[in-house]
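Geometric and topological summary
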Amino acid sequence: MSVEPAEPLVGELHLDFESRAHGDHADHKAELRLWLRLLTCTTMIETEIRRRMRERFDITLPRFDLMAQLERTPEGMTLGELSKRMMVSNGNVTGLVDRLVTEGLLHRRQSDTDRRAHYVSLTEAGRRAFAAMAAEHEDWVADLFADLAPDEVEALMSLLGKAKGSVRRSIQNAVKT
């Protein structure tokens, strides 16, 4: 997901997507306001996680995401598999992998059965680095949602699951037509 580079300033405060749309246009449908609220929350959370990753570990969120994919697959995976899982181009994955290999966090090896394919996996140093980052990442996410009671988190998860199903059905119906 791309993050808007800068938001307009009002005094000292940044206006988020929701505030900009809602401001003088109270006639927006509830569904549009919901979408804007979801987009605003996602953008705020992603921006803060990116900032903390950069400041604390000097790593980008895409590098962290790539390492997370490999942590879930200890035997490693091909660059093509990584690309599909991360929903980015092979070129993007190659650049990320190259930097992580240079830093000693990933190991790259040629496939035994297909000379065109390369497998990548976390090195021991990569596993240790990822474990430290993942633990702090989990704490940061918990902190960002700290004002929600456990039952509110559960209710929100349920409603978002229902919303996800609605979006999926709408997409499937649009594809059929």
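Since the model is a prediction, treat every value here as computed from it, not as a measurement.

Quick notes on the rules
Residues numbered from 1 in each chain as written. Predicted model: local features only at pLDDT ≥ 70, side-chain atom pairs only at ≥ 80, totals over all residues. Heavy atoms only, no water. Helix = DSSP H or I, 4+ residues; strand = E, 2+ residues; numbered from the N terminus. Buried < 20%, exposed > 50% of the residue type's maximum accessible area, 1.4 Å probe, protein only. Contact = heavy atoms within 4.5 Å. Arc of directions from axis to C-beta. Salt bridge = Lys/Arg side-chain N within 4 Å of Asp/Glu carboxyl O. Core = buried A, V, L, I, M, F, W, Y, C linked by side-chain atoms within 4.5 Å. Phe/Tyr/Trp six-rings, centres within 6.5 Å; stacked < 30°, edge-to-face > 60°.

**Brief notes about the overall build of the chain**
Helices and strands together make up the secondary structure of the chain, namely seven helices and five strands. Secondary structure elements of the chain, listed N to C terminal, follow the sequence β-β-α-α-α-β-α-α-β-β-α-α. Counting the 177 residues in the chain, one finds 28% classified as buried. At a minimum sequence separation of 6, the contacts of the chain that also span at least 24 residues come to 48%.

**With respect to helix H4 (residues 79-86)**
Taken as a whole, H4 has its buried residues at Leu79, Leu82, Ser83 and Met86. Burial along H4 is one-sided: seen end-on, the buried residues are contained in an arc of 100°. For H4, the secondary structure elements touched by its buried residues are helix H3 (61-71), strand S3 (77-78), helix H5 (90-102) and strand S5 (118-122). Positive backbone phi, approximately 55°, marks Met87, located one or two places after H4.

**Quick look at unusual backbone geometry**
For Asp58, which is not glycine, the phi dihedral falls at a positive 50°. Relative accessible area serves as the criterion here: at 66%, Asp58 is assigned to the exposed category. With a phi close to 55°, Met87 is a non-glycine residue in the positive phi region. As for its position among the elements, Met87 is in the loop between H4 and H5. By relative accessible area, which is 75% here, Met87 ends up exposed.

**Quick notes on the pattern of salt bridges**
Applying the stated criterion to the full structure yields 10 salt bridges. A salt bridge links Arg52 to Glu48; the shortest N-O distance between them is 2.6 Å. In this pair, Arg52 and Glu48 are both assigned in helix H2 (residues 30-57), four residues apart and thus about one turn of the helix distant. An identical accessibility class is assigned to Arg52 and Glu48; each is buried. With a shortest N-O distance of 2.7 Å, Glu103 and Arg63 are connected by a salt bridge. Taken together, the residues Glu103 in the loop between H5 and strand S4 (106-110) and Arg63 in helix H3 connect sequence positions 40 residues apart. In this structure Arg63 comes out as buried when scored by relative accessible area, which is 13%.

**Brief notes about the nonpolar core**
With 24 residues, the main nonpolar core has Leu66, Met67, Leu70, Leu82, Val97 and Leu106 as its most contacted residues. At the level of secondary structure, the elements contributing two or more residues to this core comprise H2, H3, H4, H5, S5 and helix H6 (124-144). Of all the elements, H3 adds the most residues to this core, at six residues. Apart from the residues within four sequence positions on either side, Leu82 is in contact with Leu66, Gln69, Leu70, Met77, Val93, Val97 and Val120.

**Here's the deal with the packing of aromatic side chains**
Throughout the structure, instances matching the rule amount to two aromatic pairs. Judged by centre distance (6.2 Å) and plane angle (50°), the rings of Phe57 and Trp140 are tilted. Taken together, the positions of Phe57 in helix H2 and Trp140 in helix H6 put the pair 83 residues apart, joining distant regions of the chain. With a relative accessible area of 11%, Trp140 lands in the buried category.

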